[in-house]
Amino acid sequence: QVQLVESGGGLVQPGESLKLSCVVSGSIFNIYTMGWYRQAPGKQRESVASITSGGSTNYANSVKGRFTISRDKDKNTVNLQMNSLLPEDTAVYYCNAELSATMWAHPDNYWGQGTQVTVSS
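Novice: Describe the nonpolar core, and please don't skip the residues or the numbers.
Specialist: Membership of the largest hydrophobic core comes to 29 residues, with the highest contact counts inside it found for Trp 36, Leu 80, Met 82 and Tyr 93. Of all elements in the fold, only β1 (2-7), β3 (18-26), β4 (30-39), β5 (46-51), β7 (67-72), β8 (77-82), β9 (91-100) and β11 (115-119) reach the threshold of two or more residues within this core. A total of five residues in this core trace back to one element, the largest contributor, which is β9. Setting aside anything within four residues of it in sequence, one finds Leu 80 in contact with Leu 18, Lys 19, Leu 20, Trp 36, Val 48, Ala 49, Phe 67, Thr 68, Ile 69 and Tyr 93.

Following this line, the structure appears as structure tokens:
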């Protein structure tokens with residue numbers, strides 16, 4: 001069984017920073033792409049940032065220059081450093097990992113339970 005557990009959400013004022021972390025545990029053979037998504041009330045879930053096993057990163061235009069994604073392969077973790085937060089960054093943030101649970105399994109997508117980020121003065 002694979003579990004993704006996020007931490008680090010909270011309430012901050014505009015311009016402040018937060019760091020989200022996600023730990024993947026359980027039956028893991030190989031983790032490919034890891035990423036962060038978010039969903040604001042009344043909106044669809046959108047991709048925020050992703051990082052491949054080789055370290056290539058991709059960001060949504062709305063967060064470029066403000067957010068930084070990183071991963072620690074040894075600890076099966078992915079982090080999202082969020083700086084200069086804006087009210088429009090308010091959302092539930094979800095961790096995502098594309099991984100194979102066993103040597104023979106096809107890669108599949110796994111999700112965390114989500115962590116709330118609220119940016120408000």
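Novice: Account for the environment of Thr 115, with residues named and values stated.
Specialist: Mapped onto the secondary structure, Thr 115 falls in strand β11. Ignoring any residue separated from it by four or fewer positions in sequence, one finds Thr 115 in contact with Glu 6, Gly 9, Leu 20, Ala 91, Val 92 and Tyr 93.

Novice: Help me get a handle on the environment of Ser 25, residues and values and all.
Specialist: With respect to the helices and strands, Ser 25 occurs in strand β3. As for Ser 25 and Gln 3, which are separated by 22 residues in sequence, their C-alpha atoms are 5.3 Å apart. Those residues within four positions of Ser 25 in sequence are excluded, and the remaining contacts are Gln 1, Val 2 and Gln 3.

Novice: Account for a nonpolar patch on the surface, naming residues and giving values.
Specialist: On the surface, a nonpolar cluster with roughly 440 Å² of combined accessible area is contributed by Phe 29, Met 103 and Trp 104. Inspection of the secondary structure puts Trp 104 in the loop between β9 and β10 (108-111). On the basis of relative accessible area, Trp 104 is assigned to the exposed category, the value being 74%.

Novice: Lay out the state of the cysteines with the relevant residues and their values.
Specialist: Under the defined criterion, the tally for this structure stands at one disulfide. Through a disulfide, Cys 22 is tied to Cys 95; the S-S separation comes to 2.1 Å. Judged by the sign of its S-S torsion, about -80°, the bond between Cys 22 and Cys 95 is left-handed. Of this pair, Cys 22 sits in strand β3 while Cys 95 sits in strand β9, placing them 73 residues apart in sequence. By the burial criterion, Cys 22 is buried, and Cys 95 matches it.

Novice: For the pattern of salt bridges, give the residues involved together with the corresponding values.
Specialist: Scanning the entire structure with this criterion turns up three salt bridges. Arg 38 is the partner of Glu 46 in a salt bridge, and the nearest nitrogen-oxygen pair spans 2.7 Å. Given the relative accessible area of 35%, Glu 46 is considered partly exposed. Exposure remark for Arg 38: the relative accessible area of 5% places this residue in the buried category.

Novice: Describe the layout of surface pockets, and please don't skip the residues or the numbers.
Specialist: Over the atoms rolls a probe the size of a water molecule, and in doing so it shows where empty space is left. Here the largest pocket is characterised by a volume of approximately 160 Å³. Lining of the largest pocket is provided by Arg 38, Gln 39, Ala 40, Lys 43, Gln 44, Glu 46, Ser 62, Glu 88, Thr 90 and Ala 91. Grouping the constituent residues of the lining of the largest pocket by class yields two nonpolar, four polar and four charged.

Reading guide: rules and limits
Residues numbered from 1 in each chain as written. Predicted model: local features only at pLDDT ≥ 70, side-chain atom pairs only at ≥ 80, totals over all residues. Heavy atoms only, no water. Core = buried A, V, L, I, M, F, W, Y, C linked by side-chain atoms within 4.5 Å. Buried < 20%, exposed > 50% of the residue type's maximum accessible area, 1.4 Å probe, protein only. Helix = DSSP H or I, 4+ residues; strand = E, 2+ residues; numbered from the N terminus. Contact = heavy atoms within 4.5 Å. Patch = residues over 30% accessible without salt bridge, like charges linked within 9 Å, V, L, I, M, F, W, Y side chains within 5 Å. Areas by Shrake-Rupley, 256 points an atom, 1.4 Å probe, with all protein chains shown as cover. Salt bridge = Lys/Arg side-chain N within 4 Å of Asp/Glu carboxyl O. Disulfide = S-S within 2.5 Å. 1 Å grid on protein atoms, 1.4 Å probe; cavity = no way out; pocket = protein on both sides within 12 Å on 5 of 7 lines; lining within 4 Å. Points joined across faces, edges and corners; volume = space filled by probe spheres on them. Nonpolar A, V, L, I, M, F, W, Y, C, P; charged D, E, K, R; others polar.

Without other data, these values stay purely geometric and don't point to any function.
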